[in-house]
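Secondary and tertiary structure notes
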Amino acid sequence: MDYKGYCLWADDIPNPEAPHYIVITSSANPDDMVMVVAISSIKYKTDGTEKYHDKACLLSVGDIVDDKGRPIITKPSFIRYEYAIDMRTKDILSKQFDDKYRYKCKISEELLKRIQDGAKISEDLEPRFQKYFDFF
């Protein structure tokens, strides 16, 4: 199964204490691995200024909606490339069966391209993930 462009709720990314929405950014490589990124909301300091966040790919309210048209992103957010991981597609499927990952939608091709382009310029993405650029 090609998960590229899928948005899921993940109960363990970056860890079980801080679950996030994730997006599968690539098709599987020959080892059946895909690149997965997390979505985080932009946080603010007490004075109202933004805390640090990666500006390589910002998301607006409504950029991601579920299959019924309801917004998944409900506040300004960003792709948190520092939380990127690689996963086997069979593990994604297994986590869906175990209800640890919940399908939300398939994102638009335009948004997927913005996320992929952001990966190429983000200073927070580990260099080891560049191998997935060939599978964008």
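Below, the structure is looked at part by part. Predicted model, so just to flag it, every value in this text is computed and none were measured.

Notes on the packing of aromatic side chains
- Within the structure shown, the criterion is met by five aromatic pairs.
- Centre to centre, the rings of Trp9 and Tyr21 are 4.8 Å apart; their planes meet at 70 degrees, and the pair counts as edge-to-face. In this pair, Trp9 is assigned in strand β1 (residues 6–15) and Tyr21 in strand β2 (residues 18–24), connecting sequence segments 12 residues apart.
- Taking the relative accessible area as the measure of exposure, Trp9 reaches 23% and is therefore partly exposed.
- Residue Tyr21 is classed as partly exposed on the basis of its relative accessible area of 22%.

Re the pairing of strand β5 (residues 77–88)
- Pairing geometry for strand β3 (residues 33–41) and β5, over eight bridges, is antiparallel. Looking at β5, one finds that Met35 is bridged to Asp86.
- Across two bridges, strand β4 (residues 58–59) lies against β5 in antiparallel orientation. What sits directly across from Leu59, in β5, is Ser77.

Considering the sheet that holds β3
- As summarised here, the arrangement of the six strands in space is β4-β5-β3-β2-β1-β6, forming an open sheet in which the pairing is antiparallel. One side of each edge strand has no neighbouring strand; the edge strands of this open sheet are β4 and β6 (101–106).
- Taken together, the four bridges between β2 and β3 define a ladder with antiparallel strand orientation. Across the sheet, the residue bridging to Val23 is Val37, located in β3.
- Across the sheet, helix α1 (residues 89–97) touches β1, β2, β3, β5 and β6, and the angle it forms with β5 is around 105 degrees.
- Across the sheet, helix α2 (residues 109–121) is in contact with β2, β3, β4 and β5; its angle to β5 comes to roughly 85 degrees.

Thresholds applied
- Residues numbered from 1 in each chain as written.
- Predicted model: local features only at pLDDT ≥ 70, side-chain atom pairs only at ≥ 80, totals over all residues.
- Heavy atoms only, no water.
- Phe/Tyr/Trp six-rings, centres within 6.5 Å; stacked < 30°, edge-to-face > 60°.
- Helix = DSSP H or I, 4+ residues; strand = E, 2+ residues; numbered from the N terminus.
- Buried < 20%, exposed > 50% of the residue type's maximum accessible area, 1.4 Å probe, protein only.
- Pairing = 2+ DSSP bridges.
- Contact = heavy atoms within 4.5 Å.
- Axes fitted to C-alpha atoms, helices over the stretch in contact; angles between N-to-C directions.

Nothing here speaks to function; it is all geometry.
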